[in-house]
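# Reading the structure
Chain by chain, the residues:
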Amino acid sequence: VQLVESGGGLARAGGSLRLSCAASGLTFNSYTMGWFRQAPGKEREFVARIVRSAGTTYYADSVKGRFTISRDNAKITVNLQMNSLKPEDTAVYYCAADRSPFMDDPRNVDYWGQGTQVTVSS
C-alpha cells in the first residue's frame with residue numbers, strides 16, 4: 001500500500017492550501033481515508049476523515065468550518081481543502097487509510113503516507 005501526499009507548502013494566515021493524497025495497492029472504497037497532523041513537540045492528532053464509500057465526513061473541532069475533506073473513488077485520491085488558515089495549523093500533514101470507520105486514534109491507523117509540511121505565517 002502506498003499513500004503519497006502532495007500540495008503542502010507555505011501560506012499566509014487567512015490563506016488557503018489544498019492537499020491531495022494518491023492511494024495505491026488497496027481497495028480504495030473499502031477504506032476510510034483521513035488526515036492527521038503533527039506539530040513540532042506535539043503528538044499526532046486527528047484532522048478529518050471520510051468514511052469508505054458512504055462519504056460521511058468528520059472533523060476535529062479546531063478545523064471545522066475551515067477544512068473540507070473529499071474523496072474521488074474513481075481517481076483513488078483524497079483531498080483536504082484548507083481555508084482560513086491559521087499559524088496554529090502549521091504541522092506535517094499525514095494521509096491515512098483504515099478499514100475501520102472510527103479513524104480518530106493514530107495508534108490504530110492501518111496505513112500512513114510520508115507526510116507533507118504545511119507552514120502558515122502570521
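For the structure itself, look to the data block above.
Nothing here was measured: the structure is a model prediction, and the numbers come from that model. (Residues numbered from 1 in each chain as written. Predicted model: local features only at pLDDT ≥ 70, side-chain atom pairs only at ≥ 80, totals over all residues. Heavy atoms only, no water.)

## Points about the state of the cysteines
Counted only if it meets this: Any pair of cysteine sulfurs within 2.5 Å is marked as a disulfide. Helix and strand labels come from DSSP, where a helix needs a run of H or I of at least four residues and a strand needs a run of E of at least two; each type is numbered from the N terminus. To sort residues, take the accessible area from a 1.4 Å probe on protein chains only and compare it with the maximum for the residue type: under 20% means buried, over 50% means exposed, and anything in between is partly exposed.
The tally for this structure, following the rule as stated, stands at one disulfide. A sulfur-sulfur distance of 2.1 Å marks the disulfide that ties cysteine 21 to cysteine 95. Negative torsions about the S-S bond denote left-handed disulfides, and the value of about -80° found for cysteine 21 with cysteine 95 makes this one left-handed. Pair noted here: cysteine 21 is in strand β3 (residues 17-24) and cysteine 95 is in strand β9 (residues 91-98), with a separation of 74 residues, a long-range link. On the accessibility criterion, cysteine 21 (0% relative accessible area) is buried.

## Topic: the pairing of β9
Here is the key point about a regular strand: its side chains alternate between the two faces of the sheet. Note the threshold: In this scheme, strands are said to pair when DSSP sees at least two bridges between them.
Within β9, seven of the eight residues are buried, leaving the element largely enclosed by the surrounding structure. Both strand β4 (residues 32-38) and β9 contribute to a ladder of seven bridges, which runs antiparallel. By the bridge assignment, glycine 34 is partnered in β9 with alanine 96. Pairing of β9 with strand β11 (residues 116-121) involves three bridges; the strand directions are antiparallel. Bridging from a neighbouring strand, tyrosine 93 pairs with threonine 116 of β11.

## Overview of the sheet that holds strand β1 (residues 2-6)
This is how the line gets drawn: Fitted lines through C-alpha atoms give the axes, limited to the stretch in contact for helices. The angle between two N-to-C directions lies from 0 to 180 degrees.
An order of β1-β3-β8-β7 is seen for the four strands of this open sheet, with the pairing classed as antiparallel. Among the strands making up the open sheet, the edge pair consists of β1 and β7 (67-72). The sheet shows a mean angle of 15° between the axes of neighbouring strands, direction not considered. Bridge count between β1 and β3: five bridges; the pairing is antiparallel. Bridge pairing links serine 6 to serine 20 in β3.

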